[in-house]
Amino acid sequence: MKRLPLILIFAVFIGLCSVKASAQDAVEATDPAGNDVDLSLDICEIDFTPDSLNLIDTYSVQIPDDIAPVDIDLKGVKSHHGWVSPYALPYSRHCTGGADWHRMWINTAVLSSAFVGTLLVLECLPEDATSWNRAAIQKTPLFQRWWKNIFVHNPEIDHDKFVFNYVLHPYAGAAYFMSARSCGFSFWGSMLYSAAISTIGWEFGIEAFMERPSYQDIFITPIVGSLLGELMYKGKRTIVEHGYEMLGSPVLGRIACFFLDPVNEVVDLFRGNPAKAAATAYRRSPRVNGSFAFTPNSISLRITF
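Model, not experiment: these values are computed from the prediction. Chains are numbered independently. Their residues run from 1 in the order of the written sequence. In keeping with the predicted nature of the model, local features appear solely for residues at pLDDT of at least 70, side-chain atom pairs appear and are counted solely at 80 or more, and the whole-chain, interface and lining totals rest on all residues. Only heavy atoms go into the side-chain values, all of them from the structure, while hydrogens and water stay out.

Caption draft 1: Structural view of the overall build of the chain. The helix count covers DSSP runs of H or I at least four residues long, the strand count covers runs of E at least two residues long, and both are numbered beginning at the N terminus. The helix and strand tally for the chain stands at 11 helices and four strands. Partly exposed describes any residue whose relative accessible area lies between the buried limit of under 20% and the exposed limit of over 50%, with all areas from a 1.4 Å probe on protein chains only and scaled to the type maximum. Counting every position in the chain, which comprises 305 residues, the buried fraction comes to 39%. In this analysis, two residues are considered to be in contact whenever any of their non-hydrogen atoms come within 4.5 Å of each other. Taking as baseline every contact in the chain between residues at least 6 positions apart, the subset at least 24 positions apart corresponds to 67%. Here the Shrake-Rupley method, with its probe set to 1.4 Å, supplies the accessible areas, and only the displayed protein chains count as covering residues. About 17500 Å² of surface is accessible on the chain, with carbon and sulfur atoms providing 65% of the total.

Caption draft 2: Summary view of the packing of aromatic side chains. Centres within 6.5 Å make a pair out of two Phe, Tyr or Trp rings, where for Trp the six-membered ring is used; the pair is then stacked when the planes are under 30 degrees apart, edge-to-face when over 60, and tilted otherwise. Going through the model one piece at a time under the given rule, you end up with 13 aromatic pairs. Each ring, one from F115 and one from W202, has its centre 5.4 Å from the other, and the planes form 55 degrees; the classification is tilted. On the criterion of sequence distance, the pair formed by F115 in helix 2 (residues 101-124) and W202 in helix 7 (residues 187-206) is long-range, its members being 87 residues apart. For the pair F115 and W202, one class covers both residues: buried. Through a chain of ring-to-ring contacts, three or more aromatic side chains come together here, namely F143, W146, W147, F151 and F209. Its end group placed over the ring of Y233, R181 keeps NZ or CZ at 4.3 Å from the ring centre. Only when the NZ of Lys or the CZ of Arg is both within 6 Å of the ring centre and within 35 degrees of the ring normal is a charge said to sit over the ring.

Caption draft 3: Summary view of the environment of D158. Within the fold, D158 resides in the loop between helix 5 (142-152) and helix 6 (162-181). D158 sits in the buried class, given a relative accessible area of 7%. For the pair D158 and E211, spaced 53 residues apart in sequence, the C-alpha to C-alpha distance is 9.6 Å. Ignoring any residue separated from it by four or fewer positions in sequence, one finds D158 in contact with N165, S214, Q216 and D217.

Caption draft 4: Summary view of the side chain of S198. Tracing the chain through its elements places S198 in helix 7. Definition of a polar contact: a pair of N or O atoms within 3.5 Å, with one able to donate and the other able to accept a hydrogen when the atoms are protein atoms, and with sequence-neighbouring residues admitted only if both atoms are side-chain atoms. A polar contact is formed between the side chain of S198 and the backbone oxygen of S194, at a distance of 2.8 Å. In this structure the side chain of S198 is engaged in a polar contact, spanning 3.4 Å, whose partner is the backbone oxygen of A195. Discounting residues that sit within four places of it in the chain, S198 has contacts with Y176, E203, T221 and P222.

Caption draft 5: Expanded view of the packing of helix 2 against helix 7. At a minimum axis separation of 11 Å, helix 2 and helix 7 run at an interaxial angle of 35 degrees. Of the two elements, helix 2 crosses helix 7, and the hand of that crossing is right-handed. Between helix 2 and helix 7, the contacting residues are M104, N107, T108, L111, F115, V116, T118, L119 and L122 on the first element and Y193, I197, G201, W202 and I206 on the second. Under this scheme, a helix contributes an axis fitted over its contacting stretch, all axes are lines through C-alpha atoms, and angles between N-to-C directions fall in the 0 to 180 degree range. Crossing handedness is read from the near helix: turned anticlockwise from the far helix by less than a right angle, it gives a left-handed crossing, and turned clockwise, a right-handed one.

Caption draft 6: Region of the structure containing the pattern of salt bridges. One side-chain nitrogen of Lys or Arg within 4 Å of one carboxyl oxygen of Asp or Glu is enough to make a salt bridge. One pass over the full model with this rule turns up eight salt bridges. Linking R237 and E241 is a salt bridge whose minimum nitrogen-to-oxygen distance equals 3.9 Å. With R237 and E241 both in helix 8 (residues 215-241) and four residues apart, the pair spans about one turn of that helix. Under the relative-accessibility criterion, E241 is labelled partly exposed at 33%. One connected set of salt bridges, linked through shared partners, spans K236, R254, D261 and E265.

Caption draft 7: A look at the environment of K276. By the element assignment, K276 lies in helix 11 (residues 274-284). Classification of K276 as partly exposed rests on a relative accessible area of 42%. A sequence separation of 11 residues divides K276 from E265, and the C-alpha atoms of the two residues are 9.8 Å apart.

Caption draft 8: Local environment of the nonpolar core. Residues belong to one nonpolar core when they are buried, are Ala, Val, Leu, Ile, Met, Phe, Trp, Tyr or Cys, and are joined through side-chain atoms within 4.5 Å. Ranked by size, the top nonpolar core spans 18 residues in total, and within it L111, F115, Y176, Y193 and I197 carry the most contacts. At five residues, the largest contribution of residues to this core is made by helix 2. Ranked by size, the runner-up nonpolar core spans 14 residues in total, among them Y87, M178, I239 and A256.

Caption draft 9: Just unusual backbone geometry, in detail. Of note in the backbone geometry, Y244 takes a positive phi value of approximately 60 degrees without being a glycine. With respect to the helices and strands, the residue Y244 is situated in the loop between helix 8 and helix 9 (250-260). Residues other than glycine seldom take positive phi values, yet L247 does so here, at roughly 55 degrees. Turning to its location among the elements, L247 is positioned in the loop between helix 8 and helix 9. Take L247: its relative accessible area is 79%, and that puts it in the exposed class.

Caption draft 10: Geometry of helix 10 (residues 262-271). If you check which residues of helix 10 are buried, you get P262, V263, N264, E265, V267 and D268. Looking one or two residues beyond helix 10, the residue adopting positive phi is G272, at roughly 100 degrees.

Caption draft 11: Structural context of the confidence of the model for the chain. Considering every residue of the chain, the mean pLDDT works out to 74; 61% of them sit at 70 or more. Within a predicted model, pLDDT stands for the predictor's per-residue confidence, ranging from 0 to 100. Counted against residues more than four places away or in other chains, residues 1-39, with its pLDDT under 50, gives 48 contacts. Low pLDDT (under 50) marks residues 65-73, which in the prediction has 14 contacts with non-local residues, meaning those over four places away or in another chain.

Rendered as structure tokens:
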């Protein structure tokens, strides 16, 4: 009989999961005609000792009207070809809802255009900000310069400012990571995308017209950027789950999401935002939470709506 408390604790834990699932099912209950029905839960109060188990009372709890059944609008959350936004699904490091390659290729085109614009901006910065010797660079024709930086010389350890190498580059890698992560790609798939964009697209691509690839940027941008990007992904998920609001403010929520996922947030202004559609679904979805506690002689079970 000494094992009875442990068995009861396990049973209550399983029961809690069952009650939570039952409550969620009850919220969506309808009669055969499709009409809403009155919803309630039955909860038991139990008292036990190592040698006995007594049922004290049973309570019937009416589910509040404000979490009555609702129809979740999946427009924008689910695409015409079956892709489901990861923000409408439970968190996972894997590709649970499928990857939207179409959205990813659009993001890639946007990033490619942004690279060209960034190069033009860097051209306007003072030489001490980029460590570029423009007089020496301009002596060599453009594509000949790129060929030498890639195929003749080896990558080098650059001496850029700390903010470029260890702040802006990891953030850029995180932005590349989020470009794929928000399209449904897994953690590892998004890291691979970040590495491809930062290495092939930037280091060995656009930036190689001006200087040799950098060892720091080749490794720090995709690796540190992807670790930071996964934290940014979780942060955006939290904001989406709170109805695209931060600290109760939709304005702060949109600003935060822009810095967490700049590429998708900008492009989604024109193609539709599935994360925002998921946030609308979260706001309208009923919430059922439960918890339990125990002492040597009692168990308490609490369910909130």
